[in-house]
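# Notes for the structure review
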Amino acid sequence: VVMEGVKRPEVQNLLRLGAHLTSLKIDVAVPVFEEEFELATLTEEARKPLLRALATAFGEEGASDADVQSQVDLLFHNTVQGAANEQKASSSRNTFLTKCFPSVEATL
């Protein structure tokens, strides 16, 4: 049934829209995915409201933008290599979860 559905052009188009293309580097000792990413940055007009919202989520409404920005830099690694360490990324996710929802006991 699934294979019949996938043969329909409208279904194929929907799948293409949501697909993330990647390739795997082969013939190496440790194969890796070769991927491209598009990165974006906040405009200055959007940065302040985001930092204020994060300060509120962290329970630190009186914190300066610089203080919140330094926390953001620690929690959301702003280099591709910085996010490569899964243990560090996992720790950052859990720190963010704890800061935003201190009464929730969960891990990501």
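Residues numbered from 1 in each chain as written. Predicted model: local features only at pLDDT ≥ 70, side-chain atom pairs only at ≥ 80, totals over all residues. Heavy atoms only, no water.

### As for the pattern of salt bridges
All told, the structure shown has five salt bridges when counted by the stated rule. Note that Arg52 is salt-bridged to Asp65, the shortest N-O span being 2.7 Å. In this pair, Arg52 is assigned in helix 3 (residues 44-57) and Asp65 in helix 4 (residues 65-75), connecting sequence segments 13 residues apart. Each of Lys48, Arg52 and Asp65 takes part in one network of salt bridges that share partners. (Salt bridge = Lys/Arg side-chain N within 4 Å of Asp/Glu carboxyl O. Helix = DSSP H or I, 4+ residues; strand = E, 2+ residues; numbered from the N terminus.)

### As for the nonpolar core
Core analysis: the biggest nonpolar cluster contains nine residues, these being Leu51, Leu54, Ala55, Phe58, Ala63, Val68, Val72, Leu75 and Cys100. Every element with two or more residues in this core is listed here: helix 3 and helix 4. Contacts of Leu54, omitting those with residues within four sequence positions, involve Val68, Val72 and Phe96. (Core = buried A, V, L, I, M, F, W, Y, C linked by side-chain atoms within 4.5 Å. Buried < 20%, exposed > 50% of the residue type's maximum accessible area, 1.4 Å probe, protein only. Contact = heavy atoms within 4.5 Å.)

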